[in-house]
Amino acid sequence: MGALPVRAALFALALVPAGSAAPALAEKALAEAAPPAAVAAVMNKPRYAGASWSLLVSDLSSGRTLMALNPDQLAFTGSVRKLFSVGRALQTLGAEHRVETTVLRRGPRQGGRLAGDLVLVAGGDLTFGGRQPADGGVAFTAFDHNDANNLGTALLTPQDPLQALDALARQVRQAGISQVEGDLVVDDRLFPAYRVPNGNLLITPILVNENMVDVSVTPTAVGEPARVDWRPRSAAFQLKSSVRTVAAGEEAVLELSGEGRIDCRWREPCTGAISGTIPLDYRAPLSGSPVAVRTFRIEDPASYARIAFREALARAGVDVQAPLEAPNNRALLERADPGEAEQTVASWRSAPYDELARLILKVSLNLGANLSLTQVGLSEGERRVEGALAAERAT
């Protein structure tokens, strides 16, 4: 579900829910051959002079076509494809649908000591607390961090990407656990991870900061190192910077190691690098921000989440004796004793799906559209993306 090229043809599909009663003027406009004036005004803007438009409006209950404009013309749908996956998720899962991420304790407990493992069970939560304000909803900006490397800019939301992990850790401590003698493992078996067709995006059941590390670069003084910060801050990833501040008017050149991918597998300390230059009068393209933002993508999200959660537990007063910087040991899940008692000690519920749908469509979030498709597939017993796609096509 790639982004829509500027000069690509555009395709739109609108569905009128069964039993809905549109106002009389809207009914009249839909019945006319030409699009409503407000829609036509957008289509006729000079910026779309080279565009081709297709539009189809149908009544779901009767199948009657209410309005059609080049409905059979082939077009590259691009990011408009998200309307299908998000629309079907709203229809199938419902606007209030939420997914849950839980923490299980496995093994006997004596006082505050757990003689076993803690298991973080991933639920496929797209934002996992990272965009959720205290008053609810889902935050986003005009320039999303998912597009930082493509657009050369991003405006970060203020929420802490580790909010959900910290909340879960506090619940573990409140459940009376202060020491874990076993290990900490992330159960990411909800569905098999998969990549989008171009291979650039990995869709996984566990997501911390949408599987990214955000890097912010700010100029200081000519000839001096630039100020560099990143989030989330974790032992799971450290950053080395050789970015220097150059004179006003010079070019900003920022390069990330590993082509912007974090693929450490955490068998040793994980370190990335950013290099280049940033001018004293830097202003980001499009946004005009004085801060340059780039992102690394995490290629082993379960191991990254394990380390970040281990640190959150330490902040909450829970000591886990297993090593901090280590890969996620999924084999611990497969070797579990079926008779071994498991108990939920913490849980985190996602934002309602209608809020996630708003985010996905507002910022054209490919990750969210693919995850929506997967969640619908799971609701219909399809764990693999191929099955979810087949079910969607058959709808």
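So, here's what we can say about the structure. (Residues numbered from 1 in each chain as written. Predicted model: local features only at pLDDT ≥ 70, side-chain atom pairs only at ≥ 80, totals over all residues. Heavy atoms only, no water.)

1. Topic: the sheet that holds strand β19 (residues 319-320)
For the record, the criterion: When DSSP finds two or more bridges between two strands, those strands count as paired. By the criteria applied, helices consist of DSSP H or I runs no shorter than four residues and strands consist of E runs no shorter than two, each listed in order from the N terminus.
Pairing within the open sheet is mixed, and its 4 strands lie in the order β5-β6-β8-β19. Both edges of this open sheet fall to β5 (109-110) and β19, since each of them pairs with a single strand only. Here strand β6 (residues 113-114) pairs with strand β8 (residues 179-180) via 2 bridges, running parallel. Looking at β8, one finds that Leu114 is bridged to Val180.

2. Considerations on the nonpolar core
To be explicit about the condition: We call a set of buried residues a nonpolar core when its members are Ala, Val, Leu, Ile, Met, Phe, Trp, Tyr or Cys and they connect through side-chain atoms within 4.5 Å of each other. Type-normalised accessible area, obtained with a 1.4 Å probe on protein chains alone, sets the label of each residue: buried when under 20%, exposed when over 50%, and partly exposed for intermediate values. Whether two residues are in contact is decided by their heavy atoms, any of which lying within 4.5 Å being enough.
Of all hydrophobic cores here, the largest spans 56 residues; its most connected members are Leu118, Val217 and Phe309. Sorting elements by how many residues they give to this core places helix α6 (residues 301-315) first, with 8 residues. The contact partners of Leu118, leaving out residues within four places of it in the chain, are Val103, Leu104, Arg105, Val172, Ile177, Val180, Asp183, Leu184, Val185, Leu313 and Val345. Formed by 26 residues, the second largest nonpolar core is a distinct cluster that contains Val86, Tyr194, Tyr353 and Ile360.

3. Focus: the pattern of salt bridges
What counts here: Each salt bridge in this description consists of a side-chain nitrogen of Lys or Arg and a carboxyl oxygen of Asp or Glu lying within 4 Å of one another.
Applying the stated rule across the entire model yields 16 salt bridges. A salt bridge links Asp187 to Arg189; its shortest N-O distance comes to 2.9 Å. On the accessibility criterion, Asp187 (11% relative accessible area) is buried. A residue is classified by how much of its surface remains accessible, and Arg189, at 37% relative accessible area, is partly exposed. Here Asp300 and Arg265 are joined by a salt bridge, their closest N and O atoms 3.9 Å apart. Highlighted residues: Asp300 in the loop between β18 (292-298) and α6 and Arg265 in the loop between β16 (261-262) and β17 (271-279), separated in sequence by 35 residues. Given a relative accessible area of 12%, Asp300 falls into the buried group. Taken together, the salt bridges that share partners define one network made up of Arg131, Asp144 and Glu210.

4. Remarks on a nonpolar patch on the surface
Just so we agree on the cut-off: Exposure above 30% relative accessible area and the absence of a salt bridge qualify a residue for a patch, where like charges join within 9 Å and nonpolar side chains (Val, Leu, Ile, Met, Phe, Trp, Tyr) within 5 Å. For accessible areas, the Shrake-Rupley method is used with a probe of radius 1.4 Å. Any residue's cover is judged against the shown protein chains and nothing else.
On the surface, Leu83, Phe84 and Leu361 cluster together into a nonpolar patch covering about 240 Å² of accessible area. Relative to the helices and strands, Leu83 is located in helix α3 (residues 82-92). With relative accessibility at 38%, the residue Leu83 sits in the partly exposed group.

5. Points about the state of the cysteines
Selection rule: Cysteine sulfur pairs qualify as disulfides if the two atoms are within 2.5 Å.
If you walk through the whole model with that rule in mind, you get 1 disulfide. Linked covalently through their sulfurs, Cys264 and Cys270 form a disulfide whose S-S length is 1.8 Å. On the sign convention where negative means left-handed, the S-S torsion of about 55 degrees between Cys264 and Cys270 marks this disulfide as right-handed. In this structure Cys264 comes out as partly exposed when scored by relative accessible area, which is 26%.

6. Details of unusual backbone geometry
Here the amide bond leading from Arg231 into Pro232 is cis, since omega sits at -5 degrees, within 30 degrees of zero. By the secondary structure assignment, Pro232 is in the loop between β13 (227-231) and β14 (238-246). At Asn211, a residue that is not glycine, the phi angle is positive and equals roughly 60 degrees. By the secondary structure assignment, Asn211 is in the loop between β11 (202-203) and β12 (212-218). On the basis of relative accessibility, which here comes to 5%, the residue Asn211 falls in the buried class. For Glu259, which is not glycine, the phi torsion reads 55 degrees and is therefore positive.

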